[in-house]
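# Descriptive structure summary
Here is what each chain is made of, one letter per residue.
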Amino acid sequence: MSDVQATKEIDARGSFCPGPMMELIRVVRSSEVGDVVAVLSNDQGSRRDIPTWVEKAKHELVGIETLDGYDRIVVKKLH
Amino acid sequence: MADENRKLAMVVFGGTVDKLYPAAIMASGAVMNDMDVDIFITFWGMMPFRKGAPYQLQSVSKDHEEMGAAMMHAMQEKKVPSWYDTLQQAKEIGNVHVHACAMTADLFGLGQDDFEPIVDDIIGVGEFIDMAASATTTMYLG
């Protein structure tokens, strides 16, 4: 997973719910279809919210990995 | 491009920091869910939207007043964005409208120019209730 190359990476560590989620939405919207966006977050709400949003918004959750005290959530923009 | 079938209507009555955070965060949650948001600010909930007021607001609810200073300190220390920045972010990303209550505005002699630009308009309760009637979720934050 750590080797998944992201087009853009958002470092939202230290940011609180709903910060990481809102940043992700903003970046995904301004990205091209097919871009891969990774968000780094240590916020508990976002760990649950982001995958739910990705599914509802019909993008692809490439994966979530837990690193040293934070998550790296990787999303591919599908449309 | 919000989901036309789902909308959040919210009455914000309280005007302290701890009561405005939930409003800003609920609005963000609605935006995440692709819902339009109509916020009706009334009574004390309107005061922090006056020009220059959002970043000066320090007051917290009376019932937990003794914890106010500690809460504000913790938020600054952890760099939690202000309730106002959180709401502005929701508005930038989604379809969020802030409506000031005409009755309260009249009571305190406030016009559109007295508010921060985040306030879209001043409307009567009839118009807001009509918005709420077409919303799927309505919240009252007192």
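Everything quoted here is computed from the prediction, not taken from an experiment.

### Some thoughts on empty space enclosed by the protein
Residue and element names in this part refer to chain B.
- Scanning the model with the defined rule gives 1 cavity of 30 Å³ or more in all.
- Roughly 30 Å³ of internal volume is contained in the largest cavity.
- Those elements that place two or more of their residues in the lining of the largest cavity are helix H1 (17–32), strand E2 (36–41) and helix H3 (83–93).
- Per-element tally for the lining of the largest cavity: the top contributor is H1, with 3 residues.
- When its residues are assigned to classes, the lining of the largest cavity shows 9 nonpolar, no polar and no charged.

### A word on the sheet that holds strand E4 (residues 119–123) of chain B
All names here are of chain B.
- Spatially, the 5 strands line up as an open sheet ordered E4-E3-E2-E1-E5, and their pairing is parallel. Two strands close off the open sheet at either side, each with one partner strand: E4 and strand E5 (137–141). Within the sheet, the average angular offset between the axes of one strand and its neighbour, ignoring direction, is 20 degrees.
- Relative to E4, strand E3 (residues 96–101) runs parallel, the two being bridged by 4 bridges. Note on E4: the bridge partner recorded for His99 is Asp121.
- The strands touched by H3 within the sheet are E2, E3 and E4, with E3 carrying the most contacts at an inclination of about 125 degrees.
- Across the face of the sheet, helix H5 (residues 125–133) comes into contact with strand E1 (7–12), E2, E3, E4 and E5 while running at roughly 140 degrees to E1.

### Looking at the nonpolar core
- Residues Leu24 of chain A together with Met10, Ile39, Ile41 and Phe49 of chain B are the most contacted members of the largest nonpolar core, which totals 59 residues.
- Among the elements that line this core, the one with the most residues is H1 of chain B, at 9 residues.
- Once residues lying within four places of it in the same chain are set aside, the contact partners of Met10 of chain B are Ala23, Met26, Ala27, Val37, Asp38, Ile39, Phe40, Phe128, Met139 and Leu141 of chain B.

### Concerning the sheet that holds strand E1 (residues 8–11) of chain A
All names here are of chain A.
- As summarised here, the arrangement of the 4 strands in space is E1-E2-E4-E3, forming an open sheet in which the pairing is mixed. Each edge of the sheet is formed by a strand with only one pairing partner; in this case those strands are E1 and strand E3 (60–66). The sheet shows a mean angle of 15 degrees between the axes of neighbouring strands, direction not considered.
- Bridge count for strand E2 (residues 36–41) against strand E4 (residues 71–76) is 6 bridges, and the pairing is antiparallel. Each bridged residue has a counterpart across the sheet, and for Leu40 the counterpart in E4 is Arg72.

### Regarding the confidence of the model for chain B
- Predicted confidence across chain B gives a mean pLDDT of 95, with 97% of residues reaching 70 or more.
- Across the interfaces of the predicted complex, the ipTM metric reaches 0.79, alongside a pTM of 0.89.

### Focus: the interface of chain B and chain A
- Taken together, the contact between chain B and chain A spans 13 residues of the former and 13 residues of the latter.
- The contact between chain B and chain A buries some 1200 Å² in all, and 62% of this surface belongs to carbon and sulfur atoms.
- Along the contact surface separating chain B from chain A lie 1 salt bridge.
- Two residues, Arg26 of chain A and Glu92 of chain B, come together in a salt bridge whose shortest N-O distance is 2.9 Å.
- Of all the secondary structure elements, the ones that give two or more residues to the side of chain B that touches chain A are H1 and H3 of chain B.
- Counting residues per element, the side of chain B that touches chain A draws most heavily on H3 of chain B, at 5 residues.

### Things to note about helix H1 (residues 19–29) of chain A
- Within H1 of chain A, 8 of the 11 residues are buried, which leaves it mostly tucked inside the rest of the structure.
- In this structure, the buried residues of H1 of chain A make contact with E1, E2, helix H2 (44–56) and E4 of chain A together with H1 and H3 of chain B.

### Regarding the layout of surface pockets
All names here are of chain B.
- By volume, the second largest pocket amounts to about 290 Å³.
- Contributing elements (two or more residues each) for the lining of the second largest pocket: H1, helix H2 (68–77) and H3.
- If one sorts the elements of the lining of the second largest pocket by residue count, H3 sits on top with 5 residues.
- In terms of residue class, the lining of the second largest pocket is made up of 9 nonpolar, 5 polar and 3 charged.

Rules used in this analysis
Residues numbered from 1 in each chain as written. Chains lettered and ligands numbered in written order. Predicted model: local features only at pLDDT ≥ 70, side-chain atom pairs only at ≥ 80, totals over all residues. Heavy atoms only, no water. 1 Å grid on protein atoms, 1.4 Å probe; cavity = no way out; pocket = protein on both sides within 12 Å on 5 of 7 lines; lining within 4 Å. Points joined across faces, edges and corners; volume = space filled by probe spheres on them. Helix = DSSP H or I, 4+ residues; strand = E, 2+ residues; numbered from the N terminus. Nonpolar A, V, L, I, M, F, W, Y, C, P; charged D, E, K, R; others polar. Pairing = 2+ DSSP bridges. Axes fitted to C-alpha atoms, helices over the stretch in contact; angles between N-to-C directions. Contact = heavy atoms within 4.5 Å. Core = buried A, V, L, I, M, F, W, Y, C linked by side-chain atoms within 4.5 Å. Buried < 20%, exposed > 50% of the residue type's maximum accessible area, 1.4 Å probe, protein only. pLDDT = per-residue confidence, 0-100. Buried area = accessible area lost by both parts, 1.4 Å probe. Salt bridge = Lys/Arg side-chain N within 4 Å of Asp/Glu carboxyl O.

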